[in-house]
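# Per-entry structural report
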Amino acid sequence: MYSIIVIPGKNWKLSLAELIAFLEIKNHKFYVNYFSKEFFVIQLEKKINPSVINALGGAIKIGEIETSFRTAYLKEAILNKDKISKKKIRNIILEKTKIIDNLVSSEKKTFFGVSIYCSEKKLGKISTRIQRFFGKVIKEELAEQGKKSRFMGFSKNRKNPQLSHVEVIKKRLIDNNGELIISTNENQTWLSTTKAVHNPFEFQKRDIEKPIQRKIFAMPPRIARILINLALCDRKNILLDPFCGVGSILLEGALNGSKVIGIDINPWCIRASEKNLEWLINNYQIQEHDFRVMLGDVRNLSGKIRYKEIDCIVTEPDLGPALQQVPTNAYAQKIINKLDVIYSAFLIESYKILKKNGRCVFVSPYLRTRSGNFLKMNIEEKAGKAGFKRVFPFNKDFFRKSAIKTVKIWENKSLVDISKRHKTGREIHIFQK
Ligand SMILES: C[S@@+](CC[C@H](N)C(=O)[O-])C[C@H]1O[C@@H](n2cnc3c(N)ncnc32)[C@H](O)[C@@H]1O
């Protein structure tokens, strides 16, 4: 059996939905054995190359699970300082994981780290003690084998004893298998070695180094990447963004090996998208590329694009004005009413040009209001009228029964992305023709 641990980004639901979609695209047979906002346990039929993390916008770390044991031992060992349990865990580390072997075989003085991801509150409180215990065991065993090592500790003010992905990159902990991930819930504890981490520098480069940028309306590359995966968009597929702006979605699509088509009503955006795509192709040395960017109005999409030409549509239409203050309920409603016409037209036209079973993944506004409520558009009715079927982001078939006992995640119809400082958030929908 081969299983991995995936550490999600801040928006864990978005990360999980993306991961499931991505494994579906790549035809992996898999199960979600466990999920929480801290980590996911995914069982796979075949090994996965951990570098797939570069194709995901929402995964922070991927670790290969080496073993698991009952969390009761951990509680006994750390909370009750039970010597037998301590010894048991020590034996598990030494006999059931390759961490020591890997570190012994690395060159010179070895450097390692231990990160804890806890989805049970009680254990979360003692996670620093757990982390120190594991670090000590590994260091002692390495010393016994004549290997000098340095265990990467944390400053006292760190909230959780976890190495960030940037630290893992900077300390080169992937190359020497130098990070042990301990993920634990109330019943079970998994030990894994980190095999890949999210590289924020690459995403940042596409965000802030592309030649033409537009701060307020542009979509971050990580979100663009997530939406593309949710659309089940694979290499060679034809991807359309009919509200392409400066091309954030087109860039991620082109990098993914898809043929991309962009449309926007604003001529400045067309030139911007073209320039940005040319920059991407040169900068990332993309050999096989195919892109088209056209001036056009979404209300006449089928006049620009042939019927059933498109494999998937991924887009962020107009989300309303950039808000300086949190709007009143009435003002938020006014914004939403004004957008109704364009969303209806977009859905009707999109349906015509999509191939059968093609997905349309798009964003609609999710507005914070002064009353503390959120206001959103009624997409269901518009999409239904156009002929679309909604795809729920979490298909129950991919979850082990034991994984779904607490949160009824499969009941989520859409995904929401809004941070505390934002007035306009994104509601993300997946529809299928
Ligand atoms: C929220 S922005 C898209 C941002 C884009 N994802 C990016 O990263 O730059 C919406 C875009 O829709 C375009 N737009 C608005 N109405 C349109 C219409 N009727 N047809 C086509 N494009 C339209 C705007 O010019 C704007 O660039």
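## Regarding the overall build of the protein
- For the protein, the helix and strand inventory stands at 14 helices and 17 strands.
- In terms of overall dimensions, the protein has C-alpha extents of about 75 × 50 × 40 Å along its principal axes.
- Classification of the 433 residues of the protein by burial places 56% in the buried group.
- Sequence-distant contacts, at least 24 apart, represent 74% of the contacts inside the protein between residues at least 6 apart.
- Working note: accessible area of the protein is about 20900 Å², and carbon and sulfur atoms make up 48% of it.
- Charge separation in the protein, taken as the distance between the mean sites of 78 positive and 43 negative side-chain charges, equals 5 Å.

## Quick word on the domain arrangement of the protein
- Assigned domains within the protein: domain 1 (2–198) and domain 2 (201–432).
- Taken over C-alpha atoms, the centre of domain 1 sits 34 Å from the centre of domain 2.
- Opposite the 31 residues of domain 1 that make contact, domain 2 presents 28 residues.
- At the boundary of domain 1 with domain 2, total buried surface from both sides reaches about 2600 Å², with 66% on carbon and sulfur atoms.
- Interface area lost by domain 1 to domain 2 is led by Leu14, Ile25 and Phe35, which between them contribute 23%.

## Description of helix H14 (residues 379–386)
- The complete set of buried residues in H14 reads Ile379, Lys382, Ala383 and Ala386. Around the axis of H14, the buried residues are gathered within 95° of arc, so they sit on the same side.
- With a side-chain oxygen lying 3.4 Å from the backbone nitrogen of glutamate 380, the N-terminal cap of H14 falls on asparagine 378.
- Just downstream of H14 lies glycine 387, where phi reads positive at about 115°.

## Observations regarding the packing of aromatic side chains
- Here the structure, examined in full by the defined rule, presents 17 aromatic pairs.
- Centroid distance phenylalanine 35 to phenylalanine 399: 5.5 Å. Interplanar angle 80°. Geometry classified as edge-to-face. With phenylalanine 35 in strand E2 (residues 30–35) and phenylalanine 399 in the loop between strand E15 (389–390) and strand E16 (415–417), the pair connects residues that are 364 residues apart, well separated along the chain.
- On the accessibility criterion, phenylalanine 399 (5% relative accessible area) is buried.
- Look at phenylalanine 69 and tyrosine 73: their rings are 6.4 Å apart centre to centre, the planes differ by 20°, and that puts the pair in the stacked class.
- Classification of phenylalanine 69 by relative accessible area gives buried; the value is 6%.
- Grouping aromatic residues by their ring pairs yields a cluster made of Phe243, Tyr343, Phe346, Tyr351, Phe362, Phe388 and Phe431.

## Some words on the side chain of aspartate 241
- Its place among the elements puts aspartate 241 in strand E9 (residues 238–241).
- Here aspartate 241 occupies a buried position and makes no salt bridge, while the nearest side chain of opposite charge, arginine 214, is found at 9.0 Å.
- Leave out the neighbours within four places in its chain, and aspartate 241 touches Ile249, Leu250, Ile261, Gly262, Ile263, Val314, Thr315 and Glu316.

## Remarks on the sheet that holds strand E1 (residues 2–8)
- Taken in spatial order, the eight strands of this open sheet run E2-E3-E1-E4-E8-E7-E5-E6, and their pairing is mixed. Looking at the sheet topology across the chains shown, the edges are occupied by E2 and strand E6 (149–151). Recorded for the sheet is a direction-independent mean angle of 30° between the axes of neighbouring strands.
- Two elements, strand E7 (residues 179–184) and strand E8 (residues 188–197), share five bridges in a ladder whose sense is antiparallel. Across the sheet, the residue bridging to isoleucine 181 is serine 192, located in E8.
- Strands in contact with helix H6 (residues 127–144) are strand E4 (59–70), strand E5 (110–118), E6, E7 and E8; relative to E5, the strand with the most contacts, it is inclined by about 150°.

## Digging into the site of the ligand
- Around the ligand there are 22 residues in total, and Arg214, Val246, Ser248, Asp264 and Val298 lie nearest to it.
- Contact distances for the ligand include 2.6 Å between an oxygen atom and a side-chain N or O atom of serine 248.
- In the model, a nitrogen atom of the ligand is placed 3.0 Å from a nitrogen or oxygen of the aspartate 297 side chain.
- Coverage of the ligand by the protein chains reaches 91% of its 610 Å² of free accessible surface.
- In terms of residue class, the shell around the ligand is built from 12 nonpolar, five polar and five charged.

## What about the pairing of strand E17 (residues 424–432)?
- For E17, a buried count of eight out of nine residues is recorded, marking the element as mostly surrounded by other parts of the structure.
- With nine bridges joining them, strand E13 (residues 354–368) and E17 adopt antiparallel strand pairing. Among the inter-strand pairings, phenylalanine 362 is bridged to a residue of E17, identified as histidine 429.
- Bridge count for E15 against E17 is two bridges, and the pairing is antiparallel. Along E17, the bridge assignment pairs arginine 390 with phenylalanine 431.
- Note: E16 against E17, three bridges, orientation antiparallel. Paired with aspartate 417 across the strands is arginine 426, a residue of E17.
- Remark: six residues form the turn of the hairpin made by E16 and E17, two consecutive strands paired antiparallel.

## Some points on helix H1 (residues 12–25)
- With 14 residues, H1 should cover 20 Å at 1.5 Å per step; its first-to-last C-alpha distance of 20 Å lies within 8% of that length.
- Of all 14 residues in H1, 12 are buried, a share of seventy percent or more.
- For H1, the full list of buried residues reads Trp12, Leu14, Ser15, Leu16, Ala17, Glu18, Leu19, Ile20, Ala21, Phe22, Leu23 and Ile25.
- At the exit of H1 stands asparagine 27, carrying a positive phi of roughly 55°.

Criteria and cut-off values
Residues numbered from 1 in each chain as written. Predicted model: local features only at pLDDT ≥ 70, side-chain atom pairs only at ≥ 80, totals over all residues. Heavy atoms only, no water. Helix = DSSP H or I, 4+ residues; strand = E, 2+ residues; numbered from the N terminus. Buried < 20%, exposed > 50% of the residue type's maximum accessible area, 1.4 Å probe, protein only. Contact = heavy atoms within 4.5 Å. Areas by Shrake-Rupley, 256 points an atom, 1.4 Å probe, with all protein chains shown as cover. Lys, Arg positive; Asp, Glu negative; His and termini not counted. Charge placed at Lys NZ, Arg CZ, Asp CG, Glu CD. Domains from an automatic or database assignment. Buried area = accessible area lost by both parts, 1.4 Å probe. Arc of directions from axis to C-beta. Polar contact = N/O pair within 3.5 Å; in protein donor to acceptor, adjacent residues only side chain to side chain. Phe/Tyr/Trp six-rings, centres within 6.5 Å; stacked < 30°, edge-to-face > 60°. Salt bridge = Lys/Arg side-chain N within 4 Å of Asp/Glu carboxyl O. Pairing = 2+ DSSP bridges. Axes fitted to C-alpha atoms, helices over the stretch in contact; angles between N-to-C directions. Near = heavy atom within 4 Å. Nonpolar A, V, L, I, M, F, W, Y, C, P; charged D, E, K, R; others polar. Expected span 1.5 Å × (residues − 1).

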